[in-house]
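Summary of structural features
One letter stands for each residue in the lines below.
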Amino acid sequence: MALFQGTIQPANQPAILRGFVRDWPIVQAALQSDEDVCAYVTRHANDSPANCFFAPPEVKGRFSYGPDLQQFNFDVRSASIETLLTILMRLKGVENPPSMYAGALPFQQFFPALALDCPMPLLNPGVSAKVSLWIGNQTRTAAHWDLPQNLACVVAGKRRFTLFPIEEVKNLYIGPLDHTLAGQPISLVDFDNPDLLTHPRFAQAVKSAQIAELEPGDVLYMPSLWIHHVKSLAPVGMLVNFWWRDGPEHLVTPSLTLQHALLTLRDLPKAEKKAWKAIFDHYIFQTDEDPMAHLPEVARGVFGPITSDSLAKIKARLRQSLDMD
């Protein structure tokens, strides 16, 4: 924990922790056989139905949009974990199988007894982490970013992560921000067969790419907002995620600010946008110093430390402004 919190996290770079969770029972089962790990997960799963994505063989594991970016190239079906694992094992022997994955299945909802078998000693006991399991065959998850920090633990099969700093967002041809496959905007680039005529700036992004190939028991730490493409390399693959955020409890997703800015900033004249950028740099990003340092606390208003009172005032003001015609 001291090494992770004192050295790895502050670097804000992805890090591979080889074999860190190899002693988990689920990993030990996977090292025995695919049948053993599926049986292990089935024993720990309840009967709650889970959503699973299914795509035809011709997409070759790449879950994405249709040609018009309005439809998707997969279907969503619901079944118990036991049924999904049975389907997964049946597809293992198919030469050109359809692709399937059930993603981000919360332990608390589907595997309440599994948490005790998957401890994460890198995090303080008080950290509120969302722990979830991914199940699928040879699939490709399009490049995207997540707001939380992530400890991605490969428990079965092998996975290849391709990672980019968030600055490469301009070179990755992100699709619709408000019509997404599973909540996060994704890159439209086919990483296995990139079309550099349609996506020429992808060649620039590749220069910043970092590759991580993980086997059962390996863990990948991904800081917040690192863009990552994930390729499952085995017919039976499983991954456990620990997602969490650092910071005060009042924080909500900055994507709300991004959408609010559509109403307030994006379409301003260029000179005005430049001026507002300077204001945001000063008061929000605080690129120089505390912008309130010259004021007594009583005079800082909502720009002082967030309290229950100032939080209520900010929310009320935002609600009032959004309700205006």
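This text gives an overview of the structure that appears in the document. All figures in this text were calculated on a predicted structure; none of them were measured in a lab. (Residues numbered from 1 in each chain as written. Predicted model: local features only at pLDDT ≥ 70, side-chain atom pairs only at ≥ 80, totals over all residues. Heavy atoms only, no water.)

1. A few points about the packing of helix α3 (residues 34-44) against helix α4 (residues 81-92)
Where we set the bar: With axes taken as lines fitted to C-alpha atoms, and helix axes fitted only over the stretch in contact, angles between N-to-C directions fall between 0 and 180 degrees. By the criteria applied, helices consist of DSSP H or I runs no shorter than four residues and strands consist of E runs no shorter than two, each listed in order from the N terminus. The scheme is simple: roughly parallel for angles under 35 degrees, roughly antiparallel for over 145, roughly perpendicular for 65 to 115, oblique for anything else. Note on contacts: a residue pair qualifies if any of its non-hydrogen atoms lie within 4.5 Å across the two residues. Classes in brief: Ala, Val, Leu, Ile, Met, Phe, Trp, Tyr, Cys and Pro nonpolar; Asp, Glu, Lys and Arg charged; the others, Gly included, polar.
Interhelical geometry of α3 versus α4 gives an angle of 170° and a closest axis separation of 9 Å. Taken together, the axes of α3 and α4 lie roughly antiparallel to each other. Contacts from Asp-34, Glu-35, Cys-38, Val-41 and Thr-42 in α3 reach Ile-81, Glu-82, Leu-85, Met-89 and Lys-92 in α4. Class assignment for the residues of the contact of α3 with α4 results in five nonpolar, one polar and four charged.

2. Here we look at the sheet that holds strand β4 (residues 99-106)
Strand pairing in a sheet takes place through backbone hydrogen bonds and is either antiparallel or parallel in direction. As a reminder of what qualifies: At least two bridges found by DSSP between two strands is the condition for calling them paired.
With antiparallel pairing, eight strands are arranged side by side in an open sheet as β1-β10-β7-β12-β5-β4-β2-β3. Only two strands of the sheet have a single neighbouring strand rather than two, namely β1 (15-17) and β3 (75-79). The mean angle between the axes of side-by-side strands here comes to 25°, regardless of whether they run parallel or antiparallel. Here strand β2 (residues 50-55) pairs with β3 via five bridges, running antiparallel. Considered in β3, the bridge of Asn-51 is made with Ser-78.

3. Description of the pattern of salt bridges
Applicable threshold: Note on definitions: salt bridges are taken to be side-chain nitrogens of Lys or Arg within 4 Å of carboxyl oxygens of Asp or Glu. Summary of the burial criterion: residues with accessible area below 20% of their type's maximum are buried, those above 50% are exposed, and those between are partly exposed, where the area comes from a 1.4 Å probe applied to protein chains only.
One pass over the full model with this rule turns up ten salt bridges. Of the charged contacts, one joins Arg-140 and Asp-190 as a salt bridge, the two residues approaching to 2.7 Å between their closest N and O atoms. Taken together, the residues span a long stretch of sequence, with Arg-140 in strand β6 (residues 140-144) and Asp-190 in the loop between β8 (159-164) and α6 (202-206) at a distance of 50 residues. Residue Asp-309 pairs with Lys-313 through a salt bridge whose shortest N-O separation is 3.5 Å. Here Lys-313 and Asp-309 lie together in helix α9 (residues 308-323), a separation of four residues that amounts to about one turn. By relative accessible area, Asp-309 is classed as partly exposed at 48%. When salt bridges that share partners are traced, they join Arg-140, Asp-190, Asp-192 and Lys-231 into one network.

4. Observations concerning the packing of aromatic side chains
The condition is simple: Working definition: a ring pair exists when centres of Phe, Tyr or Trp rings (six-membered ring for Trp) sit within 6.5 Å. Plane angles under 30 degrees give stacked, over 60 give edge-to-face, the rest tilted. A ring is scored as having a charge over it whenever the NZ atom of a lysine or the CZ atom of an arginine sits within 6 Å of its centre and within 35 degrees of its normal.
Taken as a whole, this structure holds 17 aromatic pairs when the rule is applied. Three or more aromatic residues link up through ring pairs in this structure, and these residues are Phe-53, Phe-63, Tyr-65, Phe-72, Phe-74, Tyr-101 and Trp-134. Directly above the ring of Phe-54 sits Arg-77, whose terminal nitrogen or CZ lies 4.6 Å from the centroid.

5. As for the nonpolar core
Test applied: Here, nonpolar core means buried Ala, Val, Leu, Ile, Met, Phe, Trp, Tyr and Cys residues that are tied together by side-chain atoms lying within 4.5 Å of each other.
Trp-24, Ile-81, Phe-111, Leu-151 and Met-238 are the most contacted members of the largest nonpolar core, which totals 49 residues. Here this core gets five residues from one element, more than from any other, and that element is α4. Apart from residues lying up to four places away in sequence, Phe-111 is in contact with Val-41, His-44, Ala-45, Ile-81, Leu-105, Pro-106 and Leu-133. One finds Phe-53, Val-59, Val-154 and Ala-212 within the second-largest nonpolar core, a separate group that totals 23 residues.

By themselves, these observations are geometric and do not establish any function.
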